[in-house]
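The residues making up each chain are set out below.
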Amino acid sequence: MRHIISILLENEPGALSRVVGLFSARGYNIETLTVAPTEDKSLSRLTIVTTGSDDVIEQITKHLNRLIDVVKVVDLTESAYIERELMLIKVRAVGKEREEIKRMADIFRGRVIDVTDKSYTIELTGDGTKLDAFIDALDRAAILETVRTGASGIARGERVLKA
C-alpha cells in the first residue's frame, strides 16, 4: 500500500542524509521525496512517498523516530489529507498543435509559463494521477522534457505537524 510520511526534522547538515540512509540500509524504497524549510528556519519538513504493508510502515516510523535529527513523524495516509505535486513539462508546439496543446493545458487547469516558436512550457499542479493523465493525453513524441517535484502533503482539518 502507498503511504505518505511527513517528517519534521532539524535543518542541520546531514539530517536528510541520515533519513535517506535509514531507508536504503533497510531496503525500503523511496518513490518520491520533497524537503524544504518550514516557517521555523531551524526545522525542515520532509515528505516521503513509499510503499509497504502496515507492519513495514510501522517499522519505518519507529526507526525514523529514533534518529536524533527527527522531531516528529506522521503517516498522513492514516487519516484525511491533501496531496499535491508540481510538474513542469516542455512540449513541442508548432503550427496547429499550438492551439490543441493550449486547450489541453486549460482542460487540466495548467498554465503556459514559457512560449517559444517551437515549444510551450506548462506548469501543472494536482495529485499524481492528474499529472499522469495529462502526460497520457499528450502525444509522447511531443514531450520534450518533464520535471516533477514529487508529492507534498498536509493533514486536513485541525491536525498539524508541529514541534
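Before any of the text, the structure's been laid out above.
Residues numbered from 1 in each chain as written. Predicted model: local features only at pLDDT ≥ 70, side-chain atom pairs only at ≥ 80, totals over all residues. Heavy atoms only, no water.

### Re the sheet that holds strand E4 (residues 70-75)
Sheets are built from strands that pair by backbone hydrogen bonding, the pairs being arranged parallel or antiparallel. Read across the open sheet, the 4 strands follow the order E2-E3-E1-E4; overall the sheet is antiparallel. Here the strands that pair on one side only, and so sit at the sheet edges, are strand E2 (32-37) and E4. Recorded for the sheet is a direction-independent mean angle of 15° between the axes of neighbouring strands. Note that strand E1 (residues 2-10) and E4 share 5 bridges and pair antiparallel. Bridged to leucine 9 within E4 is valine 70. (Pairing = 2+ DSSP bridges. Helix = DSSP H or I, 4+ residues; strand = E, 2+ residues; numbered from the N terminus. Axes fitted to C-alpha atoms, helices over the stretch in contact; angles between N-to-C directions.)

### Comments concerning the nonpolar core
Met87, Ile89, Val91, Ile122, Phe134 and Leu138 are the most contacted members of the largest nonpolar core, which has 16 residues in total. When contributions to this core are tallied by element, the ones reaching two or more residues are strand E5 (81-92), helix H3 (97-107), strand E7 (119-126) and helix H4 (128-137). Among all residues touching isoleucine 89, those that are not within four sequence positions of it are Tyr120, Thr121, Ile122, Phe134, Ile135, Leu138, Ile143, Glu145 and Thr146. Counting residues in hydrophobic clusters, the runner-up holds 14 residues, among them Leu9, Val19, Ile48 and Val70. (Core = buried A, V, L, I, M, F, W, Y, C linked by side-chain atoms within 4.5 Å. Buried < 20%, exposed > 50% of the residue type's maximum accessible area, 1.4 Å probe, protein only. Contact = heavy atoms within 4.5 Å.)

### Things to note about the packing of helix H1 (residues 15-25) against helix H2 (residues 54-66)
Relative placement of two packed helices is described by the angle separating their axes and the distance separating the axes. Axis separation between H1 and H2 bottoms out at 11 Å; the angle between their running directions is 145°. Read as a crossing pair, H1 and H2 show a hand that is right-handed. Counting all contacts with H1, which are made through Val19, Leu22 and Phe23, the residues of H2 involved are Ile60, His63 and Leu64. The residue inventory of the contact of H1 with H2, partitioned by class, reads 5 nonpolar, 1 polar and no charged. (Left-handed = near helix turned anticlockwise from the far one by under 90°. Nonpolar A, V, L, I, M, F, W, Y, C, P; charged D, E, K, R; others polar.)

### Structural notes on the environment of arginine 98
Inspection of the secondary structure puts arginine 98 in helix H3. Once the C-alpha coordinates of arginine 98 and tyrosine 120 are considered, the two residues, 22 residues apart in sequence, prove to be 8.1 Å apart. With near-sequence residues (within four places) excluded, arginine 98 lies in contact with Ala93, Val115, Thr116, Asp117, Lys118, Ser119 and Tyr120. From its side chain, arginine 98 meets the backbone oxygen of aspartate 117 in a polar contact 3.1 Å long. (Polar contact = N/O pair within 3.5 Å; in protein donor to acceptor, adjacent residues only side chain to side chain.)

### Considering H1
For H1, every residue scored as buried is listed here: Ala15, Val19, Leu22 and Phe23. Angular distribution of buried residues about the axis of H1 spans 95°; they occupy a single face of the element. Those residues of H1 that are exposed and aimed more than 90 degrees away from the buried face are Ser17, Ser24 and Ala25. On its buried face, H1 sits against E1, strand E3 (43-51), H2 and E4. Positive backbone phi, at 75°, marks glycine 27, one or two positions downstream of H1. (Arc of directions from axis to C-beta.)

### Comments concerning a nonpolar patch on the surface
Taken together, the side chains of Leu16, Val20 and Val35 make up a nonpolar region of the molecular surface, amounting to roughly 190 Å² of accessible area. For leucine 16, the location among the structural elements is in helix H1. (Patch = residues over 30% accessible without salt bridge, like charges linked within 9 Å, V, L, I, M, F, W, Y side chains within 5 Å. Areas by Shrake-Rupley, 256 points an atom, 1.4 Å probe, with all protein chains shown as cover. Salt bridge = Lys/Arg side-chain N within 4 Å of Asp/Glu carboxyl O.)

### Things to note about the pattern of salt bridges
It is possible for side chains of opposite charge to pair when their charged atoms get near one another. Tallied over the full model, the rule gives 10 salt bridges. A salt bridge links lysine 102 to aspartate 106, with the nearest nitrogen and oxygen atoms 2.9 Å apart. Here lysine 102 and its partner aspartate 106 are both found in helix H3, 4 residues apart, which amounts to about one turn of the helix. With relative accessibility at 43%, the residue aspartate 106 sits in the partly exposed group. Arginine 111 is the salt-bridge partner of glutamate 123, the closest N and O atoms lying 2.9 Å from each other. Here glutamate 123, found in strand E7, pairs with arginine 111, found in strand E6 (residues 111-115); they are 12 residues apart in sequence, far enough to count as distant.

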